[in-house]
Amino acid sequence: MSTVLEVAAIRTVLAGQRLHDGVGFKVNKGEVVALIGGSGTGKTVLLRECIGLLRPESGQVRLLGESVWDLPPDGLDALRRRFGVLFQEGALFSSLSVAENVDAPLREHTRLSQALRDEVVDLKIRLAGLPPEAAGKRPAELSGGMKKRAALARALALEPEMLFLDEPTSGLDPISARAFDNLLRTLCDSLGLTALLTTHDLDTLWGMVDRVVVLHGGRVIADGPVAEVARIDHEWIRSYFTAHVAARGTADGNGSGNGIRG
Ligand SMILES: Nc1ncnc2c1ncn2[C@@H]1O[C@H](COP(=O)(O)OP(=O)(O)OP(=O)(O)O)[C@@H](O)[C@H]1O
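Each chain carries its own residue numbering, running from 1 in the written order of its sequence. Side-chain atom pairs in this predicted model are given and counted only at pLDDT of 80 or more, local residue features only at pLDDT of at least 70, and totals for whole chains, interfaces and linings cover all residues.

Enquirer: So, the site of the ligand: which residues are in play, and what are the values?
Expert: Any residue qualifies as near a molecule or strand once its backbone-derived C-beta atom lies within 6 Å of it. All residues adjacent to the ligand are L14, A15, L19, G37, S39, G40, T41, G42, K43, T44, V45 and T198. Helix numbering and strand numbering both begin at the N terminus, where a helix is a DSSP run of H or I of at least 4 residues and a strand a DSSP run of E of at least 2. A per-element tally of the shell around the ligand places helix α1 (residues 43–50) first, with 3 residues. By residue class, the composition of the shell around the ligand is 4 nonpolar, 7 polar and 1 charged. Charged means Asp, Glu, Lys or Arg here, nonpolar means Ala, Val, Leu, Ile, Met, Phe, Trp, Tyr, Cys or Pro, and polar covers whatever is left, Gly included.

What follows is the structure in structure tokens.
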């Protein structure tokens, strides 16, 4: 199985605080991997380091065959066209319609004619599960779930090979959250996409990810299928999963990950 993302020996210090102290993990082609950890453990920061937005103190990020932090600016620009990002708040342009938001990366990075771009925009909006009438609306006129879908449509605009998603279901009601999870999983499976997401949503973990990477105390303490990680006897992991496991009455599973680390 080919590796799409490899993070190695990442050390991060922000505002005098050591956030990551030798973080490493891999994401293979076609996998949907969740990065979990307590608030403030640096999941979002790590995501930003993976996509070339924040430089770590040291360590390597190899994404789609490129060493992110060794690339010249135009190399990083070229790489950015090959992955899509869904930021926590959607980060849509508020003054533009949904269609114009989805069109923005196409206008910036391709030489497609307006007519072709319109067709691509229409396709991406439908792929993201939005009704056609959403195209003309501004983000402020959309529900939270629709905003996430609009942001997903924009992230898909350039036919990415990989998606990065920061807490994709945050702020959604449980039904919209599960619908978004299902959409994401279906898109990844049908388009052959690889995804790395941060989440606090246990239903996302149990329902749609292939593997969980646990960040704690500046390091990856576990990496494996959720059912396997949930059984690990570690204080933080126990407290994170206990309520959910109890509610379901089972932590059974048959994955084959690496189990506890470090
Ligand atoms: N650009 C920055 N400059 C300085 N400090 C930062 C910066 N970005 C994040 N931080 C700090 O780094 C720490 C980790 O932030 P981050 O958002 O990555 O945590 P997180 O694990 O994603 O948390 P949550 O689960 O609550 O979203 C926080 O203390 C945050 O204030």
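What follows continues from the structure just given.
Enquirer: Can you lay out the pairing of strand β2 (residues 17–28) for me, pointing to particular residues and giving the numbers?
Expert: Bridging between strand β1 (residues 3–14) and β2 involves 9 bridges; their strand directions are antiparallel. Bridge pairing in β2 places V13 opposite R18. Turn length for the β1-β2 hairpin, with the two strands adjacent in sequence and antiparallel, is 2 residues, and the turn residue A15 shows positive phi of about 50 degrees. DSSP-based pairing: two strands are paired if at least 2 bridges between them are found.

Enquirer: Could you give an account of α1, with specific residues and numbers?
Expert: We call a residue exposed when 12 or fewer other C-beta atoms sit within 10 Å of its C-beta, buried when the count reaches 20 or more, and partly exposed for counts in between; the C-beta positions come from the backbone. By the burial criterion, the buried members of α1 are K43, L46, L47, E49 and C50. Along the axis of α1, the buried residues cluster in a sector spanning 160 degrees; they form a single face. The directions from the helix axis to the C-beta atoms are what the arc is built from.

Enquirer: So, the sheet that holds strand β4 (residues 58–63): which residues are in play, and what are the values?
Expert: In space, the 4 strands of this open sheet follow the order β2-β1-β4-β5, with antiparallel pairing throughout. Looking along the sheet, the strands with just one partner apiece sit at the ends: β2 and β5 (66–67). Across 2 bridges, the pairing between β4 and β5 is antiparallel. Within the sheet, the bridge partner assigned to R62 lies in β5 and is S67. Each of β1, β2 and β4 is contacted by α1, which is oriented at about 120 degrees to β1, the strand it contacts most. Contacts are defined on C-beta atoms placed from the backbone: any two residues whose C-beta positions lie within 7 Å are in contact. Simply put, an axis is a line fit to the C-alpha atoms, just over the touching stretch for a helix, and the angle between two N-to-C directions goes from 0 to 180 degrees.

Enquirer: How would you sum up the environment of A230? Please name residues and give values.
Expert: Turning to its location among the elements, A230 is positioned in the loop between α8 (226–229) and α9 (235–248). For A230, a count of 25 C-beta atoms within 10 Å translates into the label buried. Through-space distance from the C-alpha of A230 to that of A157 is 36 Å; in sequence the pair is 73 residues apart.

Enquirer: Explain unusual backbone geometry residue by residue, including any values.
Expert: Unusually for a residue other than glycine, A15 sits at a positive phi of about 50 degrees. With respect to the secondary-structure elements, A15 resides in the loop between β1 and β2. Classification of A15 by C-beta neighbours within 10 Å gives exposed; the count is 5. Residue E167 is not a glycine yet carries a positive backbone phi of 45 degrees.

Enquirer: Describe the packing of helix α3 (residues 98–109) against helix α5 (residues 144–155), naming the residues involved and giving the relevant values.
Expert: At a minimum axis distance of 8 Å, the contact between α3 and α5 shows a crossing angle of 25 degrees. With respect to each other, α3 and α5 are oriented roughly parallel. Here the hand of the crossing between α3 and α5 comes out right-handed. Along its contact with α3, which presents V98, N101, V102 and P105, the element α5 presents A150, A153 and R154. Any angle between 65 and 115 degrees counts as roughly perpendicular, while under 35 counts as roughly parallel, over 145 as roughly antiparallel, and the rest as oblique. Handedness of a crossing follows from how the near helix is turned relative to the far one, being left-handed for an anticlockwise turn of less than a right angle and right-handed for a clockwise one.

On their own, these measurements won't tell you what the molecule is for.
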